[in-house]
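Close look at the chain arrangement
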Amino acid sequence: MSLAGQGVVVTGAAGGIGRALAARLVREGARVVVNDLDPERTVATAAEIGAYAVPGNGATEAGIAALVAAASEHLGQIDAWFANAGIVRGLGLDATEAEWAASWEVNTMAHVRAARLLVPGWLERGQGRFVVTASAAGLLTALGSATYSATKHGAVGFAEWLSATYRHRGISVHAICPQGVQTDMLANSGPMESLLVADGAVTPEEVAEATMTALREDRFLVLPHPQVADYYRGRAADTDRWLRGMNRLQRQLENEEEESR
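**Describing the overall build of the chain**
Tallying secondary structure elements over the chain gives ten helices and seven strands in all. On C-alpha atoms alone, the chain measures out to a radius of gyration of 18 Å, which is about the 18 Å that the 2.2 N^0.38 rule sets for 261 residues. Reported as C-alpha extents along the three principal axes, the dimensions of the chain are approximately 55 × 40 × 35 Å. The buried share of the chain, reckoned over its 261 residues, is 47%. Expressed as a percentage of contacts within the chain between residues at least 6 apart in sequence, the contacts between residues at least 24 apart total 65%.

Given below as structure tokens:
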């Protein structure tokens, strides 16, 4: 696998994992377009890492169509799409309809909308690469947020479907599923932070390096925290036991919150 000379788009790339992925791709020799909602940060990131900025909404149908068009015009063609943008909106059953809708838009439907536009052309050329930044929450669960957990499961499920459907026709698909990563999202996770960093909080650059390794080895799952594979196997082998363990963690969180009041 070589990314040298390839046209690549990274969404949610103004900071965190997205910025680290984009910078790593530039070092691999790829021609990179970075996208994010914040125009100033997107332009600054592009200037700093040697990419091309296309600010805008990388989740809505119109926003993705505009991004694909602008990136295609700049790159000539898009060879790989890194669907990295993600949000946390809402927590439990009190999450509003608007919070659920926003979570589905960014964390799941953005991938569907991008694939609709990209995959037909990739099938004609016989190759293309789609990389989803999901989360360990998409393989296991996220105790603190029903919206995040469900929509990240959706992201992994869609990526699995893409791979199962188009792998034999040259489409490579990967799902990045870390636990705690040293980003603003982790810093703002409240009581969940202690669980997320139980296996250590990796840097965005470590996530990017793990991603490059998985791409070279043609592995679907990118697991910056290797322990996630064990948890995933345990969940499948005895789901009831796993759920009881997760419930114990939930009670632990509730106790810690109560003690902190």
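**Quick look at the pairing of strand S5 (residues 128–133)**
The side chains of a regular strand alternate, first on one face of the sheet and then on the other. Judged by how many residues are buried, S5 sits mostly within the fold: six of six residues are covered. The two faces of S5 match: Gly128, Phe130 and Val132 on one face and Arg129, Val131 and Thr133 on the other face are all buried. Relative to S5, strand S4 (residues 80–83) runs parallel, the two sharing four bridges. Counterpart to Ala80 in the pairing with S5 is Arg129. For the handedness criterion, the β-α-β arrangement of S4, helix H4 (residues 97–125) and S5 is classed as right-handed. Assessed by its sense of winding, the connection that carries the chain from S5 through helix H5 (residues 146–166) to strand S6 (residues 171–176) is right-handed.

**Some points on the packing of helix H3 (residues 61–75) against H4**
Packed helices, taken two at a time, are described by the angle their axes make and the gap between the axes. Running from N to C, H3 and H4 point in directions that differ by 45°, and their axes come no closer than 10 Å. Taken together, the axes of H3 and H4 lie oblique to each other. H3 and H4 meet at a crossing whose hand is right-handed. Contact residues: H3 offers Glu61, Ile64, Ala65 and Val68, while H4 offers Ala110, Arg113, Ala114, Leu117 and Leu118. Across the contact of H3 with H4, the residue classes break down as seven nonpolar, no polar and two charged.

**Things to note about the pairing of strand S1 (residues 7–11)**
For S1, the buried fraction is high: five of the five residues fall into the buried class. Residues Gly7, Val9 and Thr11 point to one face of S1 and Val8 and Val10 to the other, with burial holding for every one of them. Inspection of the sheet shows S1 paired to strand S2 (residues 31–35) by five bridges, in the parallel sense. Directly across from Val10, in S2, lies its bridge partner Val34. Handedness of the crossover joining S1 and S2 through helix H1 (residues 16–27) is recorded here as right-handed. Bridge analysis of S1 against S4 gives three bridges, and the strand direction is parallel.

**Some remarks on the side chain of Lys152**
Considering the arrangement of structural elements, one finds Lys152 in helix H5. Asp36 provides the closest opposite charge to the buried, unpaired Lys152, separated from it by 13 Å. Residue contacts for Lys152: discarding those within four places in its chain leaves Gly86, Asn107, Thr133, Ala134, Ser135, Ala137 and Gly138.

**Regarding the environment of Asp240**
By the element assignment, Asp240 lies in helix H10 (residues 239–260). Separated by 132 residues in the primary sequence, Asp240 and Thr108 have C-alpha atoms spaced 27 Å apart.

**Details of the packing of aromatic side chains**
The final tally for this structure, using the stated rule, is two aromatic pairs. Arranged with centres 6.1 Å apart and planes meeting at 15°, the rings of Phe158 and Trp161 form a pair that is stacked. With Phe158 and Trp161 both in helix H5, this residue pair falls three residues apart, about one helical turn. Taking the relative accessible area as the measure of exposure, Phe158 reaches 15% and is therefore buried. Relative accessible area serves as the criterion here: at 46%, Trp161 is assigned to the partly exposed category. Considering the side-chain rings of Trp161 and Tyr166, the 5.8 Å spacing of their centres and the 85° angle between planes classify their relative orientation as edge-to-face. Ring-pair connections join several aromatic residues into one group, and the members of that group are Phe158, Trp161 and Tyr166. Above the ring of Trp242, the side-chain terminus of Arg235 is found at 5.3 Å from the ring centroid.

**Digging into the pattern of salt bridges**
Per the counting criterion, the structure on display carries nine salt bridges. Across the salt bridge formed by Glu28 and Arg24, the nearest N and O atoms sit 2.5 Å from each other. On the basis of relative accessibility, which here comes to 24%, the residue Glu28 falls in the partly exposed class. For Arg24, a relative accessible area of 12% corresponds to the buried category. A network of salt bridges, in which partner residues are shared, links Arg24, Glu28, Glu209 and Arg216.

Calculation notes
Residues numbered from 1 in each chain as written. Predicted model: local features only at pLDDT ≥ 70, side-chain atom pairs only at ≥ 80, totals over all residues. Heavy atoms only, no water. Helix = DSSP H or I, 4+ residues; strand = E, 2+ residues; numbered from the N terminus. Rg over C-alpha atoms; globule rule 2.2 N^0.38 Å. Buried < 20%, exposed > 50% of the residue type's maximum accessible area, 1.4 Å probe, protein only. Contact = heavy atoms within 4.5 Å. Pairing = 2+ DSSP bridges. Right-handed = clockwise from strand over helix to strand, strands pointing away. Axes fitted to C-alpha atoms, helices over the stretch in contact; angles between N-to-C directions. Parallel < 35°, antiparallel > 145°, perpendicular 65-115°, else oblique. Left-handed = near helix turned anticlockwise from the far one by under 90°. Nonpolar A, V, L, I, M, F, W, Y, C, P; charged D, E, K, R; others polar. Lys, Arg positive; Asp, Glu negative; His and termini not counted. Salt bridge = Lys/Arg side-chain N within 4 Å of Asp/Glu carboxyl O. Phe/Tyr/Trp six-rings, centres within 6.5 Å; stacked < 30°, edge-to-face > 60°. Lys NZ or Arg CZ within 6 Å of the ring centre and 35° of its normal.

These figures capture arrangement, not role.
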